[in-house]
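Okay, here's what each chain looks like letter by letter:
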Amino acid sequence: TGYSVAILGATGAVGEQILNTLDNNNFPISELKLLSSKRSAGKKISFRGREYTVEEAKPESFEGVQIGLFSAGGSISKELAPEAVKRGTIVIDNTSAYRMDENVPLVVPEVNEEDVKNHNGIIANPNCSTIQMVVALEPVRKAYGLKKVIVSTYQAVSGAGLAAVEEMKEQSQALLDEKEINPEILPVGGDEKHYQIAFNAIPQIDKFQENGYTFEEMKMINETKKIMHENKLPVAATCVRLPVETGHSESVYVEVENGTPDAEELKNTIASGEGITLKDNPSEQVYPMAVDSVGFPDVFVGRIRRDLDQSNAYHFWVVSDNLLKGAAYNTVQIAESLVKLGLIKE
Ligand code: 11C
């Protein structure tokens, strides 16, 4: 018993975490297919005591597959998601390919689980930095409404993939050894210039758009409005890459619509939110940090305080494992929502 599941991008950083999460959450699987590009096909991966050979993904790979978990890059999703849907697969897509498509729900179960009911074969999983922010904002929105959000991010290199992690490590070692470095990947694989990430902070994640914002910043802005059904909410973002391996951190400024709760009340409100662990005790230097978030599905929130000049404005710090709640865990949660809401049958 269980569901027939395919993972596309099984050999990547997120694919690996999807397998771990399916196992940890005891997701019922009757059949499992591990798929990848031609380059990674043939690799062996074990899951629940069985060894699987990774196969090259083709349209026919999705025959008989009920749930397809896609994280192999946008262009592969564009090519194969329609093929999978044609064959009856429900695709949960981790790339940015379909997120802003109005026929595709963009889902963070703690915020808009019911949106999965509107799917037409594809459900999109949001960007990692968006997910952790909307989870933290949702209890605030429910209690007081949102008037404005400004976020600055401090993002980990694993968001840019395993090769970027390697680049950061090799550069760090080379610089410690006083050797030359030759940046090739960060800030963005496909862009013209590459910069040192070791011992640095780079204010560019993904490519620049014509409006002067990067694509990562526009994802945070547009996805937040779509997930929260807050089309008119003013949102601004500045996204920065730091030499942190895993765990995105964010400084969030929020103005609420109704009321002027004090910091203690806001802490209690945020702590009551789904998927949130409060870590906020300045007197004992307790606050969320990237290294402590690794391996946990929670969104950690701390440093909650009221603005000194504006009584309906607040600042807080949000940290989460970008590969888990930011990607794999949210993907598996969406699959669980499909089961829970009776949208898929064993
Ligand atoms: C990063 N947020 O940290 C990106 C990675 O749209 O799913 C996720 C890219 C995406 O570089």
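Reading the values: rules and limits
Residues numbered from 1 in each chain as written. Predicted model: local features only at pLDDT ≥ 70, side-chain atom pairs only at ≥ 80, totals over all residues. Heavy atoms only, no water. Pairing = 2+ DSSP bridges. Helix = DSSP H or I, 4+ residues; strand = E, 2+ residues; numbered from the N terminus. Axes fitted to C-alpha atoms, helices over the stretch in contact; angles between N-to-C directions. Contact = heavy atoms within 4.5 Å. Near = heavy atom within 4 Å. Polar contact = N/O pair within 3.5 Å; in protein donor to acceptor, adjacent residues only side chain to side chain. Areas by Shrake-Rupley, 256 points an atom, 1.4 Å probe, with all protein chains shown as cover. 1 Å grid on protein atoms, 1.4 Å probe; cavity = no way out; pocket = protein on both sides within 12 Å on 5 of 7 lines; lining within 4 Å. Sits in = over half its atoms within 2 Å of the grid points. Core = buried A, V, L, I, M, F, W, Y, C linked by side-chain atoms within 4.5 Å. Buried < 20%, exposed > 50% of the residue type's maximum accessible area, 1.4 Å probe, protein only. pLDDT = per-residue confidence, 0-100. Right-handed = clockwise from strand over helix to strand, strands pointing away. Salt bridge = Lys/Arg side-chain N within 4 Å of Asp/Glu carboxyl O.

Observations regarding the sheet that holds strand β13 (residues 299-306)
Move 1: Ordered in space as β10-β9-β11-β14-β13-β12, the 6 strands form an open sheet in which the pairing is mixed. Edge positions in the sheet fall to β10 (235-241) and β12 (276-278), since each of these pairs with one other strand and no more. Looking at each pair of strands side by side, their axes are set apart by 25 degrees on average, direction ignored.
Move 2: For β13 and strand β14 (residues 313-320), the ladder comprises 6 bridges, and the chain directions are antiparallel. Bridged to Val299 within β14 is Ser320.
Move 3: Against the sheet, helix α4 (residues 128-144) engages β9 (146-155), β11 (248-256), β12, β13 and β14, with an angle of about 30 degrees to β11.
Move 4: Of the strands in this sheet, β9, β10 and β11 touch helix α6 (residues 215-227), which is tilted by about 140 degrees from β10.

Re the sheet that holds strand β8 (residues 122-124)
Move 1: Spatially, 6 strands are ordered β5-β2-β1-β6-β7-β8 in an open sheet, and the strand pairing comes out parallel. In the strand order of this sheet, the two ends are held by β5 (55-56) and β8, each with one partner.
Move 2: Of the strand pairs in this sheet, strand β7 (residues 90-93) and β8 are connected by 3 bridges, and their pairing is parallel. Looking across to β8, one finds that Ile92 is bridged to Ile123.

Let's talk about the site of the ligand
Move 1: The immediate surroundings of the ligand are formed by Asn94, Arg99, Asn127, Cys128, Gln155, Gly159, Ala160, Ile205, Glu216, Lys219, Arg241 and His248.
Move 2: For the ligand, an oxygen atom lies 2.6 Å from a polar atom in the side chain of Arg241.
Move 3: Relative to its free-state accessible area of 320 Å², the ligand is covered by the protein chains to the extent of 83%.
Move 4: Using a 2 Å cut-off from the grid points, one finds that the ligand occupies the largest pocket.

So, the nonpolar core
Considering soluble globular proteins, one finds that nonpolar side chains tend to be buried as a cluster.
Move 1: Leu137 and Phe316 are the most contacted members of the largest nonpolar core, which has 51 residues in total.
Move 2: With 8 residues, the single largest contributor to this core is α4.
Move 3: Look past the residues within four positions of Leu137 in its chain and what remains in contact with it is Leu146, Val149, Met228, Val252, Val254 and Phe316.
Move 4: Val14, Phe47, Ile92 and Leu323 belong to the second largest nonpolar core, which has 32 residues in total.

Points about unusual backbone geometry
Move 1: A cis amide bond, omega 5 degrees, links Leu186 with the succeeding residue Pro187.
Move 2: Position of Pro187 among the secondary structure elements: in the loop between α5 (162-176) and α6.
Move 3: At Asn26, a residue that is not glycine, the phi angle is positive and equals roughly 55 degrees.
Move 4: Within the secondary structure layout, Asn26 lies in the loop between α1 (13-24) and β2 (29-36).
Move 5: For Asn26, a relative accessible area of 62% puts it in the exposed group.
Move 6: Phi angles above zero are rare outside glycine, and Asp206 is one such case at about 70 degrees.
Move 7: Summarising the element assignment, Asp206 is placed in the loop between α5 and α6.
Move 8: Classification of Asp206 by relative accessible area gives partly exposed; the value is 23%.

With respect to the confidence of the model for the protein
Move 1: Predicted confidence across the protein gives a mean pLDDT of 97, with 100% of residues reaching 70 or more.
Move 2: Confidence estimates for the predicted assembly give a pTM of 0.97 and an ipTM of 0.97.

Remarks on the environment of Gly295
Move 1: Tracing the backbone shows Gly295 in the loop between α8 (290-293) and β13.
Move 2: Separated by 26 residues in sequence, Gly295 and Asp321 place their C-alpha atoms 6.7 Å apart.

Description of the pairing of β2
Move 1: Both strand β1 (residues 3-8) and β2 contribute to a ladder of 6 bridges, which runs parallel. Note that in β2 the partner of Ala6 across the bridge is Lys33.
Move 2: A crossover links β1 with its parallel partner β2, the connecting element being α1, and its sense is right-handed.
Move 3: As paired strands, β2 and β5 are joined by 2 bridges and run parallel to one another. Bridge assignment links Ser36 to a residue of β5, and that residue is Glu56.

Structural notes on the pattern of salt bridges
Once their charged atoms are close, side chains differing in charge can pair, the charge on each being opposite to the other.
Move 1: Tallied over the full model, the rule gives 17 salt bridges.
Move 2: One salt bridge connects Glu114 with Lys117, and the closest N-O pair in it is separated by 2.6 Å.
Move 3: Under the relative-accessibility criterion, Lys117 is labelled partly exposed at 44%.
Move 4: Across the pair Lys267 and Asp280 runs a salt bridge, and its minimum N-O distance is 3.9 Å. With a gap of 13 residues between them, Lys267 in helix α7 (residues 263-271) and Asp280 in the loop between β12 and α8 connect regions that are remote in the sequence.

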